[in-house]
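A look at the structure
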Amino acid sequence: MINSDQSIPCPTCSTKIPFDTRQLLLGIQFVCPNCQSAIGLAIESKAIVQETMEKFEAVKSKSIN
Amino acid sequence: MPTSNQSFEPDFSKELDIESIISAPLVAASKANVMMVTGQTRFLLEYCFTKGENNTYAPVMITMSMTKGVIDETKTPSDSDYIKSVQMTFGMPLLCLIPINSLAVDKVTVDFDMEITSAISKQTATANESGNQVIEKKAQLNGKISNSSAQDSGNPNSTQYKSQVSCSLKVNINAGSLPLPKGVLTILDLYTKSIQPIAVSDQSKEQTIDNSK
């Protein structure tokens, strides 16, 4: 269940920046291929994203089992 | 669905109509699809949106950081701080970060051998609006799942005799990731586009200043 084309439009140049949420949670930044701007998850939002991802994984496994 | 306390033995000797044999696995696959989609939809509404007054939903926003190199025009290229690394933050809906997708049953193969035991023909006559009589003929096939293999070994009178007769109804289900529904894609597109900064024209800037006075 991986959404392969997850991307954020670059706030500077609108180029699509591909990303992976799990890697964002690890603190990894993703670089815009056009303008080299680096985007990452702000520390203050890490907890809510982590919690939501855990709940999402639980929903997925519940629906499969 | 049988539980662990109940015994379930399929009875292939009963006469069934062909529609039931084909539709039963398809209905089961459809129910499985609905279960998975409902789970994801509930999750999205519960965790990615906050319900406001008048049944309106607002997206839960998170903060993203962006680091960019900015040229300081007051400096010369030879200066060490000619390109400064500037960090800024922007808001983004939490929905955009969740790897939503549709895992669904996309292929169901029903494989069975059927022995037709009876065929019923129905004929109905109805008059349409213009007064013409429309005759509709329908055929219903009934049958039994036929034996797929039979293996006999040994003497039927001895205790070593083995007989294996089985009836076959094979259902192969293939699940895969389907493209996201158009509605979800539209919401995602709408929110991701809202990340873009809006250029404020000089005229509107002046209006804002006038209003603040």
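Here we summarise the structure given alongside this text. (Residues numbered from 1 in each chain as written. Chains lettered and ligands numbered in written order. Predicted model: local features only at pLDDT ≥ 70, side-chain atom pairs only at ≥ 80, totals over all residues. Heavy atoms only, no water.)

Regarding the overall build of chain B
A tally of regular secondary structure across chain B gives 3 helices and 11 strands. Tracing chain B from N to C terminus, the helices and strands come up as β-α-β-β-β-β-β-β-β-β-β-β-α-α. For chain B, the residues scored as buried account for 20% of the 213 residues in total. Within chain B, residue pairs in contact and separated by at least 24 positions form 60% of the contacts whose partners lie at least 6 positions apart. Element-wise, carbon and sulfur atoms account for 53% of the exposed surface of chain B, whose accessible area totals about 15,500 Å². (Helix = DSSP H or I, 4+ residues; strand = E, 2+ residues; numbered from the N terminus. Buried < 20%, exposed > 50% of the residue type's maximum accessible area, 1.4 Å probe, protein only. Contact = heavy atoms within 4.5 Å. Areas by Shrake-Rupley, 256 points an atom, 1.4 Å probe, with all protein chains shown as cover.)

Things to note about a nonpolar patch on the surface
Residues and elements named next belong to chain B. A surface patch of nonpolar side chains, about 190 Å² in accessible area, is lined by V70, V86 and M88. You can see V86 is positioned in strand 5 (residues 83-93). In this structure V86 comes out as partly exposed when scored by relative accessible area, which is 31%. (Patch = residues over 30% accessible without salt bridge, like charges linked within 9 Å, V, L, I, M, F, W, Y side chains within 5 Å. Salt bridge = Lys/Arg side-chain N within 4 Å of Asp/Glu carboxyl O.)

Focus on the interface of chain B and chain A
The interface is formed by 28 residues belonging to chain B together with 34 residues belonging to chain A. Surface buried jointly by chain B and chain A totals about 2,800 Å² across both partners, of which 67% is contributed by carbon and sulfur atoms. The tally of links from chain B across to chain A stands at 0 salt bridges. Joining chain B to chain A, the criterion identifies 7 residue pairs in polar contact (both at pLDDT 80 or more). Every element with two or more residues in the side of chain B that touches chain A is listed here: helix 1 (18-47), strand 4 (61-71) and strand 5 of chain B. Classifying every residue of the side of chain B that touches chain A gives 19 nonpolar, 8 polar and 1 charged. (Buried area = accessible area lost by both parts, 1.4 Å probe. Polar contact = N/O pair within 3.5 Å; in protein donor to acceptor, adjacent residues only side chain to side chain. Nonpolar A, V, L, I, M, F, W, Y, C, P; charged D, E, K, R; others polar.)

Considerations on the pattern of salt bridges
All names here are of chain A. Counted by the stated rule, this structure contains 3 salt bridges over all chains. Between E57 and R22 there is a salt bridge, with the nearest N and O atoms lying 2.8 Å from each other. Here R22 lies in helix 1 (residues 21-25) and E57 lies in helix 2 (residues 43-64), a separation of 35 residues in the sequence. Under the relative-accessibility criterion, E57 is labelled partly exposed at 31%.

Shape descriptors only; they carry no functional weight alone.
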